[in-house]
Amino acid sequence: MAERSFVEEVKKLRLSGGEVFRGEGILAVTKALLESGVSYVAGYQGAPISHLMDVLADAQDILAEHGIRFENSASEATAAATLAASVNYPLRGAVTFKATVGTNVASDALANLASGGVTGGALIIVGEDYGEGSSIMQERSHAFAMKSQIWLLDPRPNLPSIVDAVKQGFDLSEASNTPVMLQLRIRACHVHGHFIAGDNRRSKFTLKDALENPQRDVGRIVLPPASFVHEQEKVRDRWPAAVRFIEERKLNEFFSEDADDIGIIVQGGSYNTLLRALERLGLADVYGETKVPLYVMNVAYPVIESEVIRFCEGKRAVLIVEEGQPNFVEQNLATILRQAGSTTALHGKDMLPVAGEYTAAELLKGARSFCERYERLAPLPVPAPVRKVIPLKEVAAIGVDGAPEPALPLGDSVHARPPGFCTGCPERPIFSAMKLVERELGAHHVSADIGCHLFSILPPFSIGNTTMGYGLGGAGASALNAPAGKRAISVMGDGGFWHNGLTSGVANAVFNKSDNLTIVVDNNYTSATGGQDILSSHAVNATRSTGHEIERAVRGVGVEWVKTLRRTYDVAGMRDALRDALTTKQKGPKVLIAQSECMLNKQRREKPQVRKAIASGKRVVREKFGVDADTCTGDHSCIRLSGCPSLSIKPNPDPLRTDPVATVLDSCVGCGVCGEVSHAAVLCPSFYKAQIVNNPNRWDRVRERVRSGVIGWLQRGEAKRREAWAF
């Protein structure tokens, strides 16, 4: 169950030529694929491109109508290897995944694909997850494109440019027999706009034709001596073909080319941000008219020498806007200009940040610095110091130099709240149980993994020593398989398990006779990437095979000590299972499978059903937890051991006690972890569970009247006793 459905939006994919298509960037990409005559599409979900996989999944009927094969690949490497269908046959294929981690996983397949070359167009659509909004290491796809000689498109972030880049990408791939990478920045994936649609078209050569008429070219297979020939072919034939195509199709753009003797070279993905900065400086308008000449590189690689020399000719200086490090483009431009004997001054990282995302604020500062240096803007005036007479009563607040003390930075005055698990997340009790075991057995080395469970490295759990990649939690602990008084613990999710963890984690542990513990968090979906179904999902999926148990797979590769806990919210049971796994005398790898459904997906599924049932008059019972303020001691161990966002504090109602008491907010979903943690840790009995009944029946009403009567009678008696004691 994906976190978002595109069932309604995909109807727009049926628009014909001349009609106006309005929608989101990823939807436009799918429409462009249909208009390009693609034969097959594959991919692996990952931000910021996850929704493209969701769109393709919801559009399977439309894809099938055009003979397009669509696959949810097991990993990015699987997706990239799918493009092998374009090596020998005139079949257009596209794959999509997250960059750069997805590109790293797919690197072997992509390198082989680029070496042998393709016959049909091969397009790799990567979600460029770079910058302040990223959750991965800060690297770019540019380095991989250069390494393997894959042409890299970086279109301006608007729908017409993105759609054109998809279509041109296929043509460029076929013209140069080279796979093409199309990178979409985070904002480009979700930008909204419109473009004039074209007609969807089927591939003239079909997958059926390929199967029934197999073709083979030993020169395309990456084996010596052919592999040595490929390296020469890339430079001798494919590169010149790509350059000719890019020049003839005018894929890169010039704006106001002769407007001034200075200019700015910018990669397409940063065009909108740069234009906004120039507008703020009064050097451009909102419609794209600019007083500063711009050369927009919608093709980030290869750099077209003739266009660079043409743009720089007659200019005193140019500024290259290339976010990230190393500065590949800047170095390339410097070489081109030097070899051409150009006297144009080249600026880049000397006026812009050496590393990091080029936000609007950073580009504003860089563009201002460049334009001030070449006298296109007057320098900002330096404000004169403001002096004022301060009343004597305020002297105490004055600093030693006579100026008021500066206000505290926001980070010093507001308590930090690290990102963490969602309310009701079934993974929280796993790490609460680990903290309880840690009290008994001491700290253990924990090899973390990619996924929601990575939040456990932050407070309040602070568990986890390293993380090496998706599904590599087990492999990350492999070196620590040594005789000692403790066992290393590795963690991976069900998505990571099927992606990479089964072989490189569990099977590797079996093969090398590991004695460590692996915890597989099985919450029914690839939760961190948007809730897509996987092999072990319990959901019935009409187009996918699900219901394959992780335990069977683990036992199938030779693990003997395996336990499955069906309910992670049982903190005491989880604690006991962890203790058993870490202290058992049985040798060999241990695998603990912790199962409970992702609460976000559960709520997405159940909330509409509950609303519908209530609206129709059906009896609905919901559970909610609370804290008895009279019983709570203000210890707050419940908060420290669970970190649930629904747990907070409030003033103590007892005037004789100053410690605030715990309270449960309205966001509570009734998972019960707070109470479970408290009881498992033997903390306090202050938690209670309440039932909220909508549309109560007759028996509910009778029971409520009896309950209210008994409670009222007891309360009146207690009040009388207190009155007697008062006198």
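Residues numbered from 1 in each chain as written. Predicted model: local features only at pLDDT ≥ 70, side-chain atom pairs only at ≥ 80, totals over all residues. Heavy atoms only, no water.

A.B. asks: Would you explain unusual backbone geometry in this entry?
C.D. replies: Phi is mostly negative for residues that are not glycine, and the peptide bonds are mostly trans. Note that the residue after A47, namely P48, is joined by a cis bond; omega there is 5°. Looking at the secondary structure, you find P48 in the loop between β2 (40-43) and α2 (50-58). In the segment running from A99 into T100, the intervening peptide bond is cis, with an omega of 5°. Relative to the helices and strands, T100 resides in the loop between β4 (93-99) and α6 (101-105). For N524, which is not a glycine, the phi torsion comes out positive at approximately 80°. Secondary-structure assignment places N524 in the loop between β18 (517-522) and α21 (550-556). Taking the relative accessible area as the measure of exposure, N524 reaches 10% and is therefore buried. The phi dihedral of N695 falls on the positive side, at around 55°, and the residue is not glycine. Locating N695 in the fold gives a position in the loop between β24 (687-694) and α26 (698-726). (Helix = DSSP H or I, 4+ residues; strand = E, 2+ residues; numbered from the N terminus. Buried < 20%, exposed > 50% of the residue type's maximum accessible area, 1.4 Å probe, protein only.)

A.B. asks: Sorry if this is basic, but what is going on with the pairing of strand β10 (residues 262-267) here?
C.D. replies: Each regular strand carries side chains that alternate between the two faces of the sheet. Burial analysis of β10 places 6 of its 6 residues in the buried class, which makes it a mostly covered element. Of the two faces of β10, the one carrying I262, I264 and V266 and the one carrying G263, I265 and Q267 are both buried. Judged from the 5 bridges that link them, β10 and strand β13 (residues 317-321) form a sheet pairing that is parallel. If you follow G263 over to β13, its bridge partner there is V318. Taken together, the 4 bridges between β10 and strand β11 (residues 294-297) define a ladder with parallel strand orientation. Residue pairing for β11: I265 is matched across the bridge by Y295. (Pairing = 2+ DSSP bridges.)

A.B. asks: It is not clear to me how the sheet that holds strand β6 (residues 151-153) should be interpreted in this structure. Could you clarify?
C.D. replies: Hydrogen bonds along the backbone pair up the strands of a sheet, which may run parallel or antiparallel. Read from one edge of the open sheet, 7 strands run β3-β2-β4-β5-β7-β6-β12, paired in mixed fashion. Of all the strands in the sheet, just β3 (69-72) and β12 (299-301) have a single pairing partner and so form its edges. Mean inter-strand twist for the sheet, computed between neighbouring axes without regard to direction, equals 20°. Bridge count between strand β5 (residues 122-128) and strand β7 (residues 180-185): 6 bridges; the pairing is parallel. Note on β7: the bridge partner recorded for E128 is R185. (Axes fitted to C-alpha atoms, helices over the stretch in contact; angles between N-to-C directions.)

A.B. asks: Help me understand the sheet that holds strand β9 (residues 253-255) in this model?
C.D. replies: With mixed pairing, 5 strands are arranged side by side in an open sheet as β9-β11-β10-β13-β14. Edge strands, defined here as strands with exactly one partner in the open sheet, are β9 and β14 (345-347). In this sheet, adjacent strand axes meet at a mean angle of 20° when their direction is disregarded. Pairing of β9 with β11 involves 3 bridges; the strand directions are antiparallel. Across the sheet, F255 pairs through a bridge with L294, a residue of β11. Its contacts with the sheet place helix α15 (residues 328-339) against β10, β11, β13 and β14, and it is angled at close to 175° to β14. (Contact = heavy atoms within 4.5 Å.)

A.B. asks: Help me out: how do you make sense of the pattern of salt bridges in this one?
C.D. replies: Pairing of side chains with opposite charge becomes possible as their charged atoms draw close. Evaluation of the coordinates by the stated rule reveals 46 salt bridges. Between E357 and R187 there is a salt bridge, with the nearest N and O atoms lying 2.8 Å from each other. Residue E357 is found in the loop between β14 and α16 (360-373), and its partner R187 is found in helix α10 (residues 186-190); the two are separated by 170 residues along the sequence. What makes E357 buried here is its relative accessible area of 13%. With its nearest N and O atoms 3.6 Å apart, the salt bridge here joins D654 to R657. Under the relative-accessibility criterion, R657 is labelled partly exposed at 27%. (Salt bridge = Lys/Arg side-chain N within 4 Å of Asp/Glu carboxyl O.)

A.B. asks: Explain a nonpolar patch on the surface to me, please; I cannot follow it from the model alone.
C.D. replies: On the surface, a cluster of nonpolar side chains totalling about 420 Å² of accessible area is made up of V706, V710, W713 and L714. Turning to its location among the elements, L714 is positioned in helix α26. On the accessibility criterion, L714 (47% relative accessible area) is partly exposed. (Patch = residues over 30% accessible without salt bridge, like charges linked within 9 Å, V, L, I, M, F, W, Y side chains within 5 Å. Areas by Shrake-Rupley, 256 points an atom, 1.4 Å probe, with all protein chains shown as cover.)

A.B. asks: What should I look at first to understand the side chain of T546 in this one?
C.D. replies: Tracing the backbone through its elements, the reader meets T546 in the loop between β18 and α21. Apart from residues no more than four positions distant in its own chain, T546 is found in contact with D533, I534, L535, S537, A539, V540 and N541.

A.B. asks: Looking at this model, I keep getting lost on the packing of aromatic side chains. Mind explaining?
C.D. replies: Centre-to-centre distance and the angle between the planes together describe a pair of aromatic rings. Applying the stated criterion across every chain yields a total of 16 aromatic pairs. Seen in terms of ring centroids, F431 and F461 are 6.1 Å apart; in terms of plane orientation they differ by 50°. Their pairing is tilted. Taken as a pair, F431 in helix α18 (residues 428-441) and F461 in the loop between β15 (446-448) and β16 (466-467) lie far apart in primary sequence, 30 residues in all. Take F461: its relative accessible area is 3%, and that puts it in the buried class. In this structure, R310 is placed above the aromatic ring of F254, and the distance from its NZ or CZ to the ring centre is 3.8 Å. Of note, K315 hangs over the ring of F311, and the distance from its end group to the ring centre comes to 4.5 Å. (Phe/Tyr/Trp six-rings, centres within 6.5 Å; stacked < 30°, edge-to-face > 60°. Lys NZ or Arg CZ within 6 Å of the ring centre and 35° of its normal.)

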